[in-house]
There are 4 protein chains.
Amino acid sequence: MSYNLLKGKRGIIFGALDENSIAWKTAERAHEEGAEFVLTNAPVALRMGTINTLAEKTNSEVIPADATKVEDLENLIEKSQEILGGKLDFVFHSIGMSINVRKGKHYTDQNYDWTHKGLDVSAMSFHKLMQTLYKKDAMNEWGSIVALTYMAAQRVFPDYNDMADNKAYLESVARSFGYFFGKDKKVRVNTISQSPTPTSAGQGVKGFTGFMNYAEKMSPLGNATALECADYTLTLFSDLTKKVTLQNLFHDGGFSNMGVSQEIMEAMEE
Amino acid sequence: MSYNLLKGKRGIIFGALDENSIAWKTAERAHEEGAEFVLTNAPVALRMGTINTLAEKTNSEVIPADATKVEDLENLIEKSQEILGGKLDFVFHSIGMSINVRKGKHYTDQNYDWTHKGLDVSAMSFHKLMQTLYKKDAMNEWGSIVALTYMAAQRVFPDYNDMADNKAYLESVARSFGYFFGKDKKVRVNTISQSPTPTSAGQGVKGFTGFMNYAEKMSPLGNATALECADYTLTLFSDLTKKVTLQNLFHDGGFSNMGVSQEIMEAMEE
Amino acid sequence: MSYNLLKGKRGIIFGALDENSIAWKTAERAHEEGAEFVLTNAPVALRMGTINTLAEKTNSEVIPADATKVEDLENLIEKSQEILGGKLDFVFHSIGMSINVRKGKHYTDQNYDWTHKGLDVSAMSFHKLMQTLYKKDAMNEWGSIVALTYMAAQRVFPDYNDMADNKAYLESVARSFGYFFGKDKKVRVNTISQSPTPTSAGQGVKGFTGFMNYAEKMSPLGNATALECADYTLTLFSDLTKKVTLQNLFHDGGFSNMGVSQEIMEAMEE
Amino acid sequence: MSYNLLKGKRGIIFGALDENSIAWKTAERAHEEGAEFVLTNAPVALRMGTINTLAEKTNSEVIPADATKVEDLENLIEKSQEILGGKLDFVFHSIGMSINVRKGKHYTDQNYDWTHKGLDVSAMSFHKLMQTLYKKDAMNEWGSIVALTYMAAQRVFPDYNDMADNKAYLESVARSFGYFFGKDKKVRVNTISQSPTPTSAGQGVKGFTGFMNYAEKMSPLGNATALECADYTLTLFSDLTKKVTLQNLFHDGGFSNMGVSQEIMEAMEE
């Protein structure tokens, strides 16, 4: 199925590791909808994943970039414009990592070097990306920048650890930079707050399967999948959403506005 | 421009009065995108406006309905399914009216009969509409119901009068009913919180032009137009947003997340 | 324990039915803190409850008033000022009732006459109360008006039925009227969003006990009691919170900002 | 005026620089209300300010601590308990600093070393403080931890620069750590989001005076002062607010829930 929704649009997609990645699905769907784009990920992620399969499938080139390094981002943005033949219409940021989570450090027992490093990768990278795009004037007017986030930025999910604070920072950066990008360049900036999704990254969070079940029971339409998130992201890249900006948009089957569901109440009573 | 985004979809559109109406633009764009639909409005509004022009342009029939009367809604929903040849995929609610505003009663000096009547028209009508759709099982799975609202539901705009409270009620109905519509029928329900828009209804609010200018200066991308709102609404009717539900979605050039803008600060200093 | 926090302050307290009522506890504690006040409730509630016991204990008079009738409110406010010897410093609104809930009508099968009546009692009464206070200029500067609400105004609790929409309306009225009361009279208006509380009214909601347990497990500090709510309310009547206005304040052991708790996850796994 | 609201309570107060500081007023008022506490600030701030005057006035000792250094916090917390003779009942965090702001770097042209340093001082310090208190089991049950924040965490104030993102991180830390502190230790954690206040720190923000005037015009009760903030903070330290936790509480004369005020509309029209 294709609507040619992104025909003629050029972009950069961060964070496609393997076929479970939301960024992977986004790239596949963006390709179907007529977009051309460059794929990128950190060098270490490129070695672990299977991005070349995606690149072939979508006629895309892959440019490695560590999103915490401004010089890498500069190179990526310059090369992407050369390859694609013009300024960019969309950028997708799907990057997140907590060393405290990986190493099993509890939220009340953080290693602060790791906390800083996780923030740098997961959230400050989004500022660095936008600052580089802004300084290079690399976005077309009415372009669209989207980052993935999670509701732990607003509410407590105990196992989400310091990623909660990283996502709160990321969402704030979207608003703060979105103001200047909107006013000066007519570019919109939003975050999508997605259901728990069984990506390779998501599955690394403690108790993930139990939590997926909980979220499924809490959400009137059930959890949103990676493919559905890709579809939703495309609407934000399209010309149909030009005046949506500075928003954090929940894509979660309704979870975010639930207090309790009948299914949870029933499960509790058993 | 058309993407065939709504090809094969059937719906009902409330509230197209004249060519300034958001519902009018929504009908035009839905038609371009391949949808078939029935137009409706209150009998008195049908006499005042020019809806037949729109009906011809979009090959639509017009069925009068007072949205505060359940029997009118029942008739509308039955007839619409007959005309369109099946269950509905989308419904658009763009109805609002405050007698206190019309008659110049200040918010601190309400006539409560008028307050009740305005609530009935502007907000309880949305419950009545959904209850009738639900009882008649008139929506297809993964259908989409959207109502228009305004940010006065969250924040104070002194001249918006009792419409603020009506919109708060409307948004609550969207969440409350959206839960049951999602769980039982796989239908999503959302509200769009739109920029101040120079429709015939909007212009009735005191000091509207001054307020439009203020909102324009506050919004990094400027105010969203009626046509842009129509485009955004289409994305919510499409198959690309299936897991978005119970949300209040701001379509306002970023106003909703602004504290103050540079332009407002400069205007204040003059 | 007493701090003389409300010494010399005069007020009106709505909604004390019996000793489980939050308003009852508020009256007891306000008395201990040095306030003088009038107690009021609807005539039918006065017959059902034991308010005279409270009146004796707190040296208060009881004035019956149907809060949906402006003339009753006028009489109440006039008499209260006579009895107390001056303008009012605080008013407490704890009124709520849904006929749809009482009669067992599901949210998707409302009787709209009952819906209107419930709104009138539960929410529009708050506007009527404030409009009467405002017109009669009955509040002292830096006075404080507080109404009780519930988080169903923001998030879905399926059994809360049309009370969710009533509370959304009530909270909007607090903001809308709070603006004019603040600007014109220097009076603050806030709502307290309280934990589920085993009052006579609360216990009427379907599945209340199960829900209490759920909320207890979700809240890091456990549910807030009626007495704790009374204490919190006193802080909002005191001179220590003069610049807090237009706010909806959660008093709920932390529930409102929880996504999920460890105890809920564990209960789900059993 | 004293209610003995904090009689017998022990605490630590961070961030009193000079008599304009909110922390300074908080210390004075806490002393009047019967609390005993230790004052602390970074060594460099101690040299710049006049904290010894405050220490004498409130019979307090001063312990220097760089809040970014865990060993300084450990020393502070140990010494404070020795001096005060027991565990702590309250802790007040009023710390914030952006090098990008100080050095005049625009938000779209950040120096990321400075961004990291500002985050460490302004926000991660709050995690470090709570982690140290938690590990040392230094808080009494039903103790209270409060940090100061600003609404730029939710909405865009262009001149607030990277402090907006720092405050978003701080508020997230309050929720995330507040969960564990509540569940494990029965301690509440909240943030107060205060009006713009002419402290030495506040006045360092570009265009501060113009912004103070704007906020004054927007707020129905006007801006909240440092002294009023101190009063409000005391209520959160008191036994009257035991079940308030994980909240971000606006203390701002109503600004946070305003869309526009009549005075702003009038100022714009001139």
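Conventions and cut-offs
- Each chain has its residues counted from 1, running along the sequence as written.
- Note on labels: chains are lettered from A, ligands numbered from 1, in written order.
- Confidence filtering applies because this is a predicted model: local features only for residues at pLDDT of at least 70, side-chain atom pairs given and counted only at 80 or more, and all residues used for totals across whole chains, interfaces and linings.
- To obtain the side-chain values, all non-hydrogen atoms of the structure were included, while hydrogens and water were left out.
- Under the scheme used here, helices are H or I runs from DSSP no shorter than 4 residues and strands are E runs no shorter than 2 residues, and both carry numbers assigned from the N terminus.
- As defined in this context, the radius of gyration uses C-alpha atoms, and a globule is described by 2.2 Å times the residue total to the power 0.38.
- Partly exposed describes any residue whose relative accessible area lies between the buried limit of under 20% and the exposed limit of over 50%, with all areas from a 1.4 Å probe on protein chains only and scaled to the type maximum.
- In this analysis, two residues are considered to be in contact whenever any of their non-hydrogen atoms come within 4.5 Å of each other.
- In these tables, accessible area is a Shrake-Rupley quantity obtained with a 1.4 Å probe, and a residue counts as shielded only by the protein chains included in the view.
- Charge assignment in this entry is limited to Lys and Arg as positive and Asp and Glu as negative, and neither His nor the chain termini are counted.
- Throughout, a charge is located at the NZ atom of Lys, the CZ atom of Arg, the CG atom of Asp or the CD atom of Glu.
- A pair of strands counts as paired when DSSP detects no fewer than two bridges linking them.
- Each copy is superposed on the other by least squares, with the fit set by C-alpha atoms of residues at a pLDDT of at least 70 in both.
- Axis definition: a line fit to C-alpha positions, over the contact stretch in the case of helices; interaxial angles, taken between N-to-C directions, run 0 to 180 degrees.
- Accessible area that two parts lose when put together, with a 1.4 Å probe and added across both, is what the buried area reports.
- Between Lys or Arg on one side and Asp or Glu on the other, a salt bridge is scored when a side-chain nitrogen of the former is within 4 Å of a carboxyl oxygen of the latter.
- Think of a polar contact as two N or O atoms within 3.5 Å of one another; within protein, one of them needs to be a possible hydrogen donor and the other a possible acceptor, and neighboring residues in sequence only count if both atoms come from side chains.
- Side-chain rings of Phe, Tyr and Trp, where Trp is taken by its six-membered ring, are said to pair if the distance between their centres is within 6.5 Å; with planes under 30 degrees apart they count as stacked, over 60 as edge-to-face, and otherwise as tilted.
- Geometrically, a lysine NZ or arginine CZ counts as sitting over a ring once it is within 6 Å of the ring centre and also within 35 degrees of the ring normal.
- On a scale of 0 to 100, pLDDT captures the predictor's confidence in every residue.
- Take the seven residues that end at a residue and the seven that start at it, fit an axis to each, and the angle between those axes is the bend at that residue.
- With respect to orientation, any angle under 35 degrees is reported as roughly parallel, any angle over 145 as roughly antiparallel, any angle of 65 to 115 as roughly perpendicular, and every other angle as oblique.
- For any pair of crossing helices, the crossing counts as left-handed if the nearer helix is rotated counterclockwise from the farther one by less than a right angle, and right-handed if it is rotated clockwise.
- For this classification, Asp, Glu, Lys and Arg are treated as charged, while Ala, Val, Leu, Ile, Met, Phe, Trp, Tyr, Cys and Pro are nonpolar and the rest, including Gly, are polar.

Student: What am I meant to see in the overall build of chain A here?
Tutor: Along its length, chain A carries 10 helices and seven strands. Against the compact-globule benchmark of 18 Å for 270 residues, chain A has a radius of gyration of 18 Å, which places it among compact chains. Of all 270 residues assigned to chain A, the portion counted as buried reaches 69%. Pairs at least 24 residues apart make up 77% of the contacts formed inside chain A by residues separated by at least 6 positions. If you sum the accessible surface of chain A, you get close to 8800 Å²; carbon and sulfur atoms cover 45% of it. Here chain A contributes 28 positive and 34 negative side-chain charges, whose respective centroids are spaced 6 Å apart.

Student: Help me understand the pairing of strand E7 (residues 248-251) of chain D in this model?
Tutor: Across a regular strand the side chains alternate sides, sitting on one face of the sheet and then on the other. All names here are of chain D. On E7, burial covers both faces: Asn248 and Phe250 on one face and Leu249 and His251 on the other are all buried. When strand E6 (residues 188-194) meets E7, the two strands line up parallel, connected through four bridges. Within E7, the residue paired with serine 193 across the bridge is phenylalanine 250.

Student: Sorry if this is basic, but what is going on with the relation of the copies chain D and chain A here?
Tutor: Comparison of the two chain copies shows a relationship of rotation about an axis with a shift along it. Once turned by 180 degrees and shifted 0.0 Å along the axis, chain D lies on chain A with an RMSD of 0.0 Å. Those values place the two copies in the arrangement expected of a two-fold rotation axis. Identified as the residue of chain D closest to the rotation axis by C-alpha distance is tyrosine 169 of chain D, at 2.7 Å. Here 100% of the interface residues in chain D have copies in chain A that are interface residues too; the copies meet face to matching face.

Student: What should I look at first to understand the environment of isoleucine 83 of chain A in this one?
Tutor: Residues and elements named next belong to chain A. Secondary-structure assignment places isoleucine 83 in helix H4 (residues 70-84). Given the relative accessible area of 35%, isoleucine 83 is considered partly exposed. In this structure, isoleucine 83 is in contact with Val38, Glu61 and Ile63, ignoring residues within four places of it in sequence.

Student: Is there a simple way to explain the environment of glycine 118 of chain B in this structure?
Tutor: Residues and elements named next belong to chain B. Relative to the helices and strands, glycine 118 is located in helix H6 (residues 112-135). Judged by relative accessible area, which is 0%, glycine 118 ranks as buried. Along the sequence, glycine 118 and valine 101 sit 17 residues apart, while their C-alpha atoms lie 9.5 Å from each other. For glycine 118, the contacting residues outside a window of four places in its chain are Met97, Ala123 and Asn166.

Student: I keep staring at the sheet that holds E6 of chain D and nothing clicks. Help me out?
Tutor: Two strands in a sheet stick together by hydrogen bonds in their backbones, pointing the same way (parallel) or opposite ways (antiparallel). Residue and element names in this part refer to chain D. Pairing is parallel across the open sheet formed by seven strands, whose spatial order is E3-E2-E1-E4-E5-E6-E7. Every other strand in the sheet has two partners, leaving strand E3 (61-64) and E7 as the edge strands with one partner each. This sheet shows a mean twist of 20 degrees between the axes of neighbouring strands, independent of strand direction. In this sheet, strand E2 (residues 36-41) lies alongside strand E1 (residues 10-14) in parallel orientation, the contact comprising five bridges. Within E2, the residue paired with phenylalanine 14 across the bridge is threonine 40. Against the sheet, helix H9 (residues 226-237) contacts strand E4 (88-93), strand E5 (139-149), E6 and E7, and its axis sits at roughly 165 degrees relative to E6.

Student: Mind showing me how you'd approach the interface of chain B and chain A here?
Tutor: Interface extent is often summarised as the accessible area lost during association of the parts. Between chain B and chain A, the residue contacts involve 43 residues of the former and 43 residues of the latter. Carbon and sulfur atoms make up 63% of the surface buried where chain B meets chain A, a total of about 3800 Å² over both sides. Between the two partners, chain B and chain A, sit two salt bridges. With its nearest N and O atoms 3.0 Å apart, the salt bridge here joins lysine 243 of chain B to glutamate 228 of chain A. Listed by contribution, the elements that provide at least two residues to the side of chain B that touches chain A are helix H7 (163-185), helix H9 (226-237), strand E7 (248-251) and helix H10 (262-269) of chain B.

Student: Can you walk me through the sheet that holds strand E6 (residues 188-194) of chain C in this structure?
Tutor: All names here are of chain C. Spatially, the seven strands line up as an open sheet ordered E3-E2-E1-E4-E5-E6-E7, and their pairing is parallel. The outermost strands of the open sheet, each flanked by one partner alone, are strand E3 (61-62) and strand E7 (248-251). Note that strand E5 (residues 139-149) and E6 share six bridges and pair parallel. Directly across from serine 144, in E6, lies its bridge partner arginine 188. Strands strand E4 (88-93), E5, E6 and E7 of the sheet are contacted by helix H9 (residues 226-237), whose axis makes an angle of about 165 degrees with E6.

Student: Help me out: how do you make sense of the interface of chain D and chain A in this one?
Tutor: In this complex, chain D contributes 34 residues to the contact, which on the side of chain A involves 34 residues. Looking at the side of chain D facing chain A, the largest losses of area belong to Tyr107, Thr108 and Tyr112 of chain D, adding up to 21% of the total buried there. Where chain D touches chain A, the interface holds two salt bridges. For lysine 135 of chain A, the salt bridge is made with aspartate 109 of chain D, and the minimal N-O distance between the two is 2.6 Å. Summed over the shared surface of chain D and chain A, the number is 27 residue pairs in polar contact (both at pLDDT 80 or more). Per-element tally for the side of chain D that touches chain A: the top contributor is helix H7 (residues 163-185) of chain D, with 12 residues.

Student: What should I look at first to understand the relation of the copies chain B and chain A in this one?
Tutor: Take chain B, turn it by 180 degrees, move it 0.0 Å along the axis, and it overlays chain A with an RMSD of 0.0 Å. A share of 100% of interface residues in chain B that are also interface residues in chain A marks the association as one of identical surfaces.

Student: What's the story with the packing of aromatic side chains in this structure? I'm lost.
Tutor: For any pair of aromatic rings, the description rests on two quantities: the centre-to-centre distance and the angle between the ring planes. Using the criterion set out here, one finds 60 aromatic pairs over all chains in the structure. The interplanar angle of 75 degrees and the centroid separation of 5.4 Å between the aromatic rings of phenylalanine 157 of chain C and phenylalanine 211 of chain C together place this pair among those described as edge-to-face. In this pair, phenylalanine 157 of chain C sits in the loop between E5 and helix H7 (163-185) while phenylalanine 211 of chain C sits in helix H8 (residues 208-218), placing the two residues 54 residues apart along the sequence. Put simply, the rings of Tyr107 of chain A together with Tyr134, Phe177, Tyr179, Phe180 and Phe181 of chain D touch in pairs and so form one group of aromatic residues. In this structure, lysine 185 of chain A packs its charged tip against the face of tyrosine 134 of chain A, placed 4.8 Å from the ring centre. It is lysine 128 of chain C that lies over the ring of tyrosine 112 of chain B; its NZ or CZ is 5.2 Å from the centre.

Student: How should I be thinking about the confidence of the model for chain A in this particular structure?
Tutor: The predicted coordinates of low-pLDDT regions are not to be read in fine detail. When pLDDT is averaged across chain A, the result is 96; 99% of the residues are at 70 or more. Across the interface, the model reports ipTM at 0.97; the global pTM reads 0.98.

Student: Looking at this structure, I do not really get H7 of chain B. What am I missing?
Tutor: Residue pairs spaced three or four apart in an α-helix point in one direction, given the helix's 3.6 residues per turn. The largest bend in H7 of chain B is about 30 degrees, located at glycine 178 of chain B. Of the residues trailing H7 of chain B, lysine 186 of chain B is marked for its positive phi of about 60 degrees.

Student: Explain the packing of helix H1 (residues 22-32) of chain B against H9 of chain B here, please?
Tutor: Helix packing geometry: the angle between the two helix axes and the distance between the axes. All names here are of chain B. With their axes 8 Å apart at the nearest point, H1 and H9 run at an angle of 55 degrees to one another. As the angle between them shows, H1 and H9 are arranged oblique. Handedness of the crossing formed by H1 with H9: right-handed. For the pair H1 and H9, contact is made by Ile22, Lys25, Thr26, Arg29 and Ala30 and by Ala226, Leu227, Cys229, Ala230, Asp231, Thr233, Leu234 and Phe237, respectively. In the contact of H1 with H9, the residues fall into eight nonpolar, two polar and three charged.

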